[in-house]
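Structural description and commentary
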Amino acid sequence: SKLSANWLVKDFLNSEKPFFQKLRKNNYKKIISNLIEDINRKIFNLANKHEQYDGMGTTLVSALFKKDKLFIHSVGDSRCYRLRDNELEQLTEDQSEVWKLFEIGAISKDEIRSHPRRNIITMAIGTGNKVNINKYQYKTKKNDLYLLCSDGLTDMISEMDIKNIFTSNNNLEKISNQLIEAANVAGGKDNISVILILID
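Scope of this entry: the structure provided in the associated data block.

Rules used in this analysis
- Residues numbered from 1 in each chain as written.
- Predicted model: local features only at pLDDT ≥ 70, side-chain atom pairs only at ≥ 80, totals over all residues.
- Heavy atoms only, no water.
- Buried < 20%, exposed > 50% of the residue type's maximum accessible area, 1.4 Å probe, protein only.
- Helix = DSSP H or I, 4+ residues; strand = E, 2+ residues; numbered from the N terminus.
- Pairing = 2+ DSSP bridges.
- Core = buried A, V, L, I, M, F, W, Y, C linked by side-chain atoms within 4.5 Å.
- Contact = heavy atoms within 4.5 Å.
- Disulfide = S-S within 2.5 Å.
- Salt bridge = Lys/Arg side-chain N within 4 Å of Asp/Glu carboxyl O.

1. Let's talk about the pairing of strand β4 (residues 87–90)
Because side chains alternate across β4, one face comprises the buried residues Leu-88 and Gln-90, and the other comprises Glu-87 and Glu-89, none of which is buried. Bridge count for strand β3 (residues 79–84) against β4 is four bridges, and the pairing is antiparallel. In the sheet register, Leu-83 faces β4, and the bridge partner there is Leu-88.

Structure follows, in structure tokens:
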């Protein structure tokens, strides 16, 4: 996960001038997708070359803000949420077995967290030569609050818990710490990654 996150930022910032010329043509979804596909190949090749890395993989969610537009890319079950006008909305879809059950109405959204197969993802970075990337585009508004997080958070606390913490104060550092603390108090069974973005 650390390699993927670092490479995505580094490759984005260190890209040659033609890359940014493409960005100005609004090919954001395609450009970020290409970077993630390249990272997938690098992780996959690394796992194949070194026995201790066999089967290594990770989930990923990224957000690119450009003026009033937001471009999200996700692989696996890391998520992006938005709090707007006091309403919390999940902006990404999980690539997992339980999400498919939720989509067909076999389980409710709340049941995802307690389902015995909740940690079985159907796509990850580095586990295959190809990767299927979910791509989204949204318009941002002033005072939108966005959360990028791993399943270490959402497996432990409910969306209602997240919303209540969001609305408890307006300090992003305090909100972040409260989210992580709540997930740890609830069991903290996995690594908890949290990034908050406020549109001011």
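2. Considerations on the nonpolar core
With 18 residues, the main nonpolar core has Leu-147, Leu-153, Ile-162, Phe-166, Leu-179 and Leu-196 as its most contacted residues. Beyond its immediate stretch of four places on either side in the chain, Leu-179 contacts Leu-147, Leu-153, Ile-157, Ile-162, Ile-165, Phe-166, Val-194 and Leu-196. By size, the runner-up hydrophobic cluster in this structure holds 14 residues, among which are Leu-8, Tyr-28, Val-75 and Ile-125.

3. Digging into the state of the cysteines
Summed over the entire model, instances satisfying the criterion amount to zero disulfides. There is no disulfide at Cys-149, and the cysteine sulfur nearest it, in Cys-80, is 8.3 Å away. Residue Cys-149 is classed as buried on the basis of its relative accessible area of 3%.

4. What to know about the pattern of salt bridges
A side chain with one charge may pair with a side chain of the opposite charge, provided their charged atoms come close. Per the stated rule, a full pass over the model turns up 11 salt bridges. The partner of Arg-41 in a salt bridge is Asp-38, and the shortest N-O contact between them spans 3.8 Å. Placement of both Arg-41 and Asp-38 in helix α3 (residues 28–49) is noted, with a separation of three residues, approximately one turn of the helix. Accessibility expressed as a relative area gives 37% for Arg-41, which makes it partly exposed. Residue class for Asp-38 comes out partly exposed when judged on its relative accessible area of 29%. Among the ionic pairs, Glu-89 bridges to Arg-82, the shortest N-O distance being 2.9 Å. Each of Asp-11, Asp-38, Arg-41 and Lys-42 takes part in a single network of salt bridges with overlapping partners.

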